[in-house]
Amino acid sequence: MDTGRMDDLDIVRHPTARRCTLSFDLASGRARLVVPKRAALKPALAWAAGKADWLAEQRARLPAPCPFVPGATIAVADAVLTIAHEAGARRAVLRDGDRLSLAGPVETIPRRVEAWLRRTALDLLARETAEFAAKAGVTVSQVAIGDPRRRWGSCASSGAIRYSWRLVLAPGWVRRATVAHEVAHRVHMNHGPAFHALVATLLGEDPTPARAWLREHGAALHWVGRGSPG
Ligand SMILES: [Zn+2]
């Protein structure tokens, strides 16, 4: 393996794997080499080294980091907001038209912008979840947000729904399709035809393009706020 890039390779010993596999995660930018539990490491690394070209191709597809710095723009729901940092004493982050204005120490910008985005995401997602739940005639016991790498939403049998806060960085039609999907799981805990029909009914349109959008652009959402100083 390209030794200069060993730092982004995770080597995982797998109890039931029969052979080595190499994968690359565009959301994290990390490569993962799965090695069977008792296999020798040296040949596994040599095998992975043979995949260097493939790995280079994957790295070339990595989304650009979008750090939260003054002047940076962030797509939020269906708007594009510019981080406007002003001189003066620290005060709350405020949305003013297409400006996200804040004051205070520069090094606090990334943390405070992310906190604002998380609050905005939770507000929107909770409201839309309530709207779809009423339409479906179901209850949702709790709406929460997190930052999972592989899922945009999940619905527990307890009735709690969790979303990725990063859905607020996606277009509204993509976010709403994800909400309709999770709320429909309150009726069908599977992905059968009746489930898909209900998602389309709740949403009022075919959710397929929204799923496709997330497959294509989802990784880039994980690079928003990355590379922020401090
Ligand atoms: Zn599902």
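Residues numbered from 1 in each chain as written. Predicted model: local features only at pLDDT ≥ 70, side-chain atom pairs only at ≥ 80, totals over all residues. Heavy atoms only, no water.

## Digging into the coordination of the zinc ion
Line of reasoning, step 1. Here the zinc ion is held by His181 (NE2), His185 (NE2) and His191 (NE2), and the distances to it run 2.0 to 2.1 Å.
Line of reasoning, step 2. For the zinc ion, the donor residues sit on a single chain with the sequence spacing H-x3-H-x5-H.
Line of reasoning, step 3. For His185, a relative accessible area of 8% corresponds to the buried category. (Donors = N, O, S within 2.8 Å, 3.2 Å for Na, K, Ca; no water. Buried < 20%, exposed > 50% of the residue type's maximum accessible area, 1.4 Å probe, protein only.)

## A look at the sheet that holds strand β10 (residues 160–164)
Line of reasoning, step 1. One open sheet accounts for 3 strands, arranged β8-β10-β9; its pairing is mixed. Lying at the two open borders of the sheet, with one neighbouring strand each, are β8 (142–146) and β9 (153–155). Taking each pair of neighbouring strands and ignoring which way they run, the sheet shows an average axis angle of 15°.
Line of reasoning, step 2. Inspection of the sheet shows β8 paired to β10 by 5 bridges, in the parallel sense. If you follow Ala144 over to β10, its bridge partner there is Arg162.
Line of reasoning, step 3. Lying on the sheet, helix α3 (residues 109–136) is in contact with β8 and β10; it crosses β8 at an angle near 145°.
Line of reasoning, step 4. Contacts from helix α4 (residues 172–184) reach β9 and β10 within the one sheet, and its direction differs from that of β10 by about 155°. (Pairing = 2+ DSSP bridges. Helix = DSSP H or I, 4+ residues; strand = E, 2+ residues; numbered from the N terminus. Axes fitted to C-alpha atoms, helices over the stretch in contact; angles between N-to-C directions. Contact = heavy atoms within 4.5 Å.)

## A few points about the packing of aromatic side chains
Line of reasoning, step 1. One pass over the structure, following the stated rule, counts 0 aromatic pairs.
Line of reasoning, step 2. Above the plane of the ring of Trp223 lies Arg226, whose end atom (NZ or CZ) is 3.7 Å from the centre. (Phe/Tyr/Trp six-rings, centres within 6.5 Å; stacked < 30°, edge-to-face > 60°. Lys NZ or Arg CZ within 6 Å of the ring centre and 35° of its normal.)

## Observations concerning the sheet that holds strand β6 (residues 91–96)
Line of reasoning, step 1. Taken together, the 4 strands give an open sheet; going across it, the order is β4-β5-β7-β6, and neighbouring strands pair in mixed fashion. Each end of this open sheet is capped by a strand with a single partner; those strands are β4 (73–76) and β6. Each adjacent strand pair in this sheet contributes to an overall mean axis angle of 25°, direction not counted.
Line of reasoning, step 2. As defined by bridge partners, β4 adjoins strand β5 (residues 79–86) across 4 bridges and the pair is classed as antiparallel.

## Thoughts on the confidence of the model for the protein
Line of reasoning, step 1. A residue-level look at the protein finds 96% of positions with pLDDT of 70 or above and a mean pLDDT of 93.
Line of reasoning, step 2. Counted against residues more than four places away or in other chains, residues 1–5, with its pLDDT under 50, gives 7 contacts. (pLDDT = per-residue confidence, 0-100.)

## Some thoughts on the pattern of salt bridges
Line of reasoning, step 1. One pass over the full model with this rule turns up 9 salt bridges.
Line of reasoning, step 2. In this structure, the salt-bridge partner of Arg99 is Glu86, at a minimum N-O distance of 2.5 Å. You can see Arg99 sitting in strand β7 (residues 99–103) and its partner Glu86 sitting in strand β5, a full 13 residues away along the chain.
Line of reasoning, step 3. Sharing partners across several salt bridges, the network here consists of Glu86, Arg91, Asp96 and Arg99. (Salt bridge = Lys/Arg side-chain N within 4 Å of Asp/Glu carboxyl O.)

## Some thoughts on the nonpolar core
Line of reasoning, step 1. Judged by nonpolar contacts, the single largest core of 47 residues is most densely connected at Ile74, Val113 and Leu117.
Line of reasoning, step 2. When residues in this core are grouped by element, the largest group, 9 residues, is from α3.
Line of reasoning, step 3. Among residues more than four places away in sequence, those in contact with Ile74 are Phe68, Ala79, Val80, Leu81, Ile83, Leu100, Val113, Leu117, Leu169 and Val224.
Line of reasoning, step 4. One finds Leu9, Leu26, Ala31 and Val35 within the second-largest nonpolar core, a separate group that totals 12 residues. (Core = buried A, V, L, I, M, F, W, Y, C linked by side-chain atoms within 4.5 Å.)

## Concerning helix α5 (residues 193–203)
Line of reasoning, step 1. Along α5, the positions that sit buried rather than exposed are Phe195, Leu198, Val199, Leu202 and Leu203. One side of α5 holds all its buried residues, which, seen down the axis, span an arc of 125°. Summarising the geometry of α5, the exposed residues directed more than 90 degrees from the buried face are Pro193 and Thr201.
Line of reasoning, step 2. Where α5 is buried, its residues contact α3 and α4.
Line of reasoning, step 3. Just past α5, the residue Gly204 takes up positive phi, approximately 80°. (Arc of directions from axis to C-beta.)

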